[in-house]
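# Residue-level structural notes
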Amino acid sequence: EVLAMASSPNYDPGRYPAYYSQSPLPFSDPAVSQQYEPGSVFKILTVAAALDAGIATPDTTYTDQGWIEVGGQVIQNATREAYGEQTVTDLLVKSLNVGSAWLSTQMAPDTFYRYVQAFGIGRPTGIDVAGEVGGQLWLPGDLEHYHDSNLGTNSFGQGLAVTPIQMAVAAATVANDGVRLRPRVVSQVIAADGTVSLSQSVMEAQPISSETARIVTNMMVRVIEDGVPQARVPGYRFAGKTGTAQVYVPGGYDRDATIASFVGFGPVPDPRMVILVKLDNPKTSPWGSQ
């Protein structure tokens, strides 16, 4: 159930004609119709896929030398630092691009993209709001757009695009013991004769097992407790992940602009809500962790 959805800047429907001078027009809902590269919040999916496929455990280690080459492209950590021996939990808590890319290469494309699609990436969620778009996900069979390096960059949310509602649904899938439900705004419909029809939950898929979902949830709790203490809620345990994405422009990425985001859910172990916040080109800090 979508309990709240807000975007800024917005518009007053009562003054609809007054906004036609704006460019772009503000009438679409960015939460469902504006796609963006999500950045490191996407690592939730990469880690969940690897654990569910039996490729790794939270304690599996790798050596982070500060860079990794995937498909001819050199991938570095956001800090440009090398971290030495790290666990899969460490890569999520510290948000290490090198570890995420390493993890996706251990899965190979078939496994990685099978899970990504099962989480609902690359297609509309089916939410009952007009104007939803499906995001953008190039698959290995697309010879024009897909490159071998995508396996590495996609693992940390670069080179693919999602909508905020898609990313929220993906996080909710982990919170829902691995079950992906169709999001909905309408709770009930009341007919003219007073008959009430309640909206029913629609299960779309179960990309990961309930056990995997619980493990990933506990790893995401560590993200907040060890990595993002400002996201703590006194008296509760919450799970979350930060993201700092570059902004794609023709020919590459903007050197200055970022998209900062955070997605979290809780309280753990019985989550009741998922919250996603996305800031376009923040000025006080470029980082989602801030």
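Note: the structure precedes this text.
Now for a description of the structure that goes with this document. (Residues numbered from 1 in each chain as written. Predicted model: local features only at pLDDT ≥ 70, side-chain atom pairs only at ≥ 80, totals over all residues. Heavy atoms only, no water.)

## Topic: the pattern of salt bridges
In plain terms, the rule: Salt bridges are defined as contacts in which a side-chain nitrogen from Lys or Arg sits within 4 Å of a carboxyl oxygen from Asp or Glu. Strands here mean DSSP runs of E at least two residues long; helices mean DSSP runs of H or I at least four residues long; both are numbered from the N terminus. Only protein chains enter the calculation, and the probe is 1.4 Å; a residue is then buried if its accessible area is under 20% of its type maximum, exposed if over 50%, and partly exposed in between.
Inspection of the entire model under this criterion finds 6 salt bridges. Glu211 is the salt-bridge partner of Arg214, the closest N and O atoms lying 3.1 Å from each other. With Arg214 and Glu211 both in helix 7 (residues 210-227) and 3 residues apart, this pair spans about one turn of that helix. With relative accessibility at 40%, the residue Arg214 sits in the partly exposed group. The closest approach of N and O atoms between Asp280 and Lys278, which form a salt bridge, is 2.7 Å.

## With respect to helix 6 (residues 164-175)
Here is the rule: Expected span of a helix: the number of residues minus one, times 1.5 Å. Residue contacts follow a heavy-atom distance rule, with two residues in contact if any of their heavy atoms lie within 4.5 Å.
The terminal C-alpha atoms of helix 6, which comprises 12 residues, lie 17 Å apart, in line with the 16 Å expected from a rise of 1.5 Å per residue. Looking only at helix 6, the buried set comprises Pro164, Ile165, Gln166, Met167, Ala168, Val169, Ala170, Ala171, Ala172, Thr173, Val174 and Ala175. Buried-residue contacts for helix 6 involve helix 1 (30-33), helix 2 (43-52), strand 5 (180-181), helix 7, strand 10 (252-266) and strand 11 (273-280).

## Remarks on a nonpolar patch on the surface
Applicable threshold: The residues that make up patches have over 30% relative accessible area and no salt bridge, and they are joined within 9 Å when like-charged or within 5 Å when they are Val, Leu, Ile, Met, Phe, Trp or Tyr. Surface exposure here means Shrake-Rupley accessible area, sampled with a 1.4 Å probe, where a residue is shielded only by the protein chains that are shown.
Among the surface-exposed residues, Met5, Val185, Val186 and Val189 lie close enough to one another that they form a single nonpolar patch of about 290 Å² accessible area. Examined against the element boundaries, Val185 turns out to sit in the loop between strand 5 and strand 6 (188-190). Residue classification places Val185 among the partly exposed residues on the basis of a relative accessible area of 41%.

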